[in-house]
Amino acid sequence: MVKRIVISFLLLLAGCANGQDPSNVKQLEQTIEKQQSAIEQLQEKNKQLQKENEQLKTEEKQISSSLLSVALDVVTALKNKDMNTLASYVHSTVGVRFSPYGHVDVQNDLQFSASQLPSLWASTQVYQWGVYDGSGDPIQFTFRDYFDRFVYDVDFANPHMIGNNVVVGTGNMINNIQQAYPNGSFIEFHFTGFDPQYSGMDWRSLRLVFEQESGQWKLVGIIHDEWTT
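Residues numbered from 1 in each chain as written. Predicted model: local features only at pLDDT ≥ 70, side-chain atom pairs only at ≥ 80, totals over all residues. Heavy atoms only, no water.

## Notes on the layout of surface pockets
Phase 1 of the analysis: One number sums up the size of the largest pocket: a volume of about 180 Å³.
Phase 2 of the analysis: Lining the largest pocket, in full, are Pro100, Tyr101, His103, Asp105, Asn108, Asp109, Trp129, Gly130, Val131, Tyr132, Asp133 and Met173.
Phase 3 of the analysis: Residue composition of the lining of the largest pocket, by class: six nonpolar, three polar and three charged. (1 Å grid on protein atoms, 1.4 Å probe; cavity = no way out; pocket = protein on both sides within 12 Å on 5 of 7 lines; lining within 4 Å. Points joined across faces, edges and corners; volume = space filled by probe spheres on them. Nonpolar A, V, L, I, M, F, W, Y, C, P; charged D, E, K, R; others polar.)

## Description of unusual backbone geometry
Phase 1 of the analysis: Backbone geometry places Lys81, a non-glycine residue, at a positive phi of 55°.
Phase 2 of the analysis: Note that Lys81 resides in the loop between helix 2 (22-79) and helix 3 (83-88).
Phase 3 of the analysis: At Ser199, a position not held by glycine, the phi torsion is positive, near 50°.
Phase 4 of the analysis: Positionally, Ser199 belongs in the loop between strand 6 (185-191) and strand 7 (204-213).
Phase 5 of the analysis: The exposure class assigned to Ser199 is exposed, which follows from its relative accessible area of 66%. (Helix = DSSP H or I, 4+ residues; strand = E, 2+ residues; numbered from the N terminus. Buried < 20%, exposed > 50% of the residue type's maximum accessible area, 1.4 Å probe, protein only.)

## Describing the packing of aromatic side chains
Phase 1 of the analysis: Enumeration according to the criterion identifies 19 aromatic pairs in this entry.
Phase 2 of the analysis: With a centroid separation of 5.6 Å and 70° between ring planes, the pair formed by Tyr101 and Phe150 is classed as edge-to-face. In this pair, Tyr101 sits in the loop between strand 1 (96-99) and strand 2 (111-112) while Phe150 sits in helix 5 (residues 143-150), placing the two residues 49 residues apart along the sequence. Side by side, Tyr101 and Phe150 carry an identical accessibility label, which is buried. (Phe/Tyr/Trp six-rings, centres within 6.5 Å; stacked < 30°, edge-to-face > 60°.)

Now the structure itself:
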């Protein structure tokens, strides 16, 4: 405001000194006032946009934190082999898909509903879960045996690294998680390796994929991954 008054005063003096019509000076003052008003409006709009941007960042952090919290609960349920708790996190309509390797076969990887999980643990039925990397032989296991080999084969509840929507473990197999789950978000529990002689080629990852259902993160995919040839 002080700056505007000074500018107007200087213009008035200049106008008087040059013999300008006072009405021209008045027009200049009005133009300055309009420009100043426009600047103040833009500044206010910029403050509002900055505030909205900060709110979005806060919401993103909260969503990310919520996703990680749910994933930690799920991996704990897996560690404890608690199928009832696991079932409570499974998407009610989509169910959960089990993938033995990083490339998700959306057509053939087995999917189960939440209500099926508790009874699967005690079932002696043998399923084909896919094929082994390298040999192409069928992966034929009961649910419990598959779980021990292609779900919780290492202590993923205490990993070396955790990736939040970031793929950590990579091998020769194409990772298609974004294509398989276009509406999903995932947490990866990763071990960089176990035996130094393998130089990290014995890494393991477990990716838990979630989608939103009624404002909550629900499990839709359990992807096991390891070095493939």
